[in-house]
Amino acid sequence: MTRLAVKVDVDTLRGYLEGVPRLLDLFRRKGISASIFFSFGPDNSGKAIRRIFRPGFISKMLRTKAPSTYGLKTLLYGTLLPAPLIVPSAPDIAARAAAEGHDVGIHAWDHVYVQDCLAKISKQEYLELYRRAEELYTELCGAKPCSAAAPGWQLSHAVLEAEHELALHYASDVRGFAPFMPVFEGIEYGVPQIPTTLPTMDEIYGLPGIDDVTLPKCWLDGMTEEWNVLTVHAEMEGISKLTVFENFLNMAKALGTEFRTLAQYADEAPLPRGKIENGRLTGRAGMLAVQSKENKNAG
């Protein structure tokens, strides 16, 4: 039986206020538990314009029709408009996700800052940012968080050291093919990594042959791993592409797909040691953390 875990990244205020409730309604109708990672603090999406010189950034913005997908206000937050706080704007939404049994974790306090400035963020600063999100999470969900997912799949020793110090159950910081225990630049770390295995919608939407009709089958055809993980974004799959995402879920369920959470993967999957490298993926601007294929090829 094919396994699939749906991972939801919540990056913006609009995605949180509009996309997350719609996704929660969809998951409830389909009887699916997902792994949902919230950006808790300021929506500084307007500052993402600094990525404009990264290869592939402009083409991605055009393919995904960013202004209509994210909304004009979102693209101005943190620059021409003040950066609003995301989860504090409507705490009941995050609380609902936890109450309905989803696997809820921390994406970031300030998503854009962590993604774009990670190289200069020390372990201490990362922990300070994490604990701001942790405090709010604990207040809303009644327990401390036990998982994290790096914004933009950006990773550093500081983050891996912090995750180890926090004794997280698992992290989902990389792209790859199977759960593993991370080795980064020769150093072993103790928190399991559950990688995203499938391409995200914003990476492939608008490429030749990929549209609203063909995208679900593209994902289904890509579910060739033992531990498949699809990352969706509340801003896309939760709003303008909700119907496309629902079509995919219907097709996957019709094929007998077994839906799991990342937390369940961390409990059930074998966890061999695996290297993390910096690499590129089609449709994704800039470098990101990827699982080395050494072990896969050796197997």
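None of the values given here were measured: they were computed from a predicted structure.

So, the overall build of the protein
Regarding its fold elements, the protein presents 14 helices and eleven strands. The globule rule puts the C-alpha radius of gyration for 299 residues at 19 Å, and the 18 Å found for the protein is close to it. Taken over the C-alpha atoms alone, the protein extends approximately 50 × 45 × 40 Å along its principal axes. Relative to its 299 residues, the protein shows a buried fraction of 58%. Only carbon and sulfur atoms are counted for the fraction: they give 55% of the accessible area of the protein, which is about 12,400 Å². Side chains of the protein give 32 positive and 36 negative charges; the mean places of these two sets differ by 5 Å.

Brief notes about the packing of aromatic side chains
For the coordinates displayed, the defined rule picks out nine aromatic pairs. For the pair phenylalanine 38 and phenylalanine 40, a centre-to-centre distance of 6.1 Å together with 75 degrees between the ring planes defines the contact as edge-to-face. Across the pair, phenylalanine 40 and phenylalanine 38 agree in class, each one buried. Ring centres of phenylalanine 40 and tyrosine 137 lie 6.3 Å apart, and the angle between their planes is 55 degrees; this geometry places the pair in the tilted category. With a gap of 97 residues between them, phenylalanine 40 in the loop between β2 (35-39) and α2 (57-63) and tyrosine 137 in helix α7 (residues 123-141) connect regions that are remote in the sequence. For the residue pair phenylalanine 40 and tyrosine 137, the accessibility class agrees, reading buried in each case. An aromatic cluster is built from Tyr16, Phe38, Phe40 and Tyr137, whose rings are joined through pairwise contacts. Over the face of the ring belonging to tryptophan 227 we find arginine 3, whose NZ or CZ atom lies 4.1 Å from the ring centre.

What counts, and where the lines are drawn
Residues numbered from 1 in each chain as written. Predicted model: local features only at pLDDT ≥ 70, side-chain atom pairs only at ≥ 80, totals over all residues. Heavy atoms only, no water. Helix = DSSP H or I, 4+ residues; strand = E, 2+ residues; numbered from the N terminus. Rg over C-alpha atoms; globule rule 2.2 N^0.38 Å. Buried < 20%, exposed > 50% of the residue type's maximum accessible area, 1.4 Å probe, protein only. Areas by Shrake-Rupley, 256 points an atom, 1.4 Å probe, with all protein chains shown as cover. Lys, Arg positive; Asp, Glu negative; His and termini not counted. Charge placed at Lys NZ, Arg CZ, Asp CG, Glu CD. Phe/Tyr/Trp six-rings, centres within 6.5 Å; stacked < 30°, edge-to-face > 60°. Lys NZ or Arg CZ within 6 Å of the ring centre and 35° of its normal.

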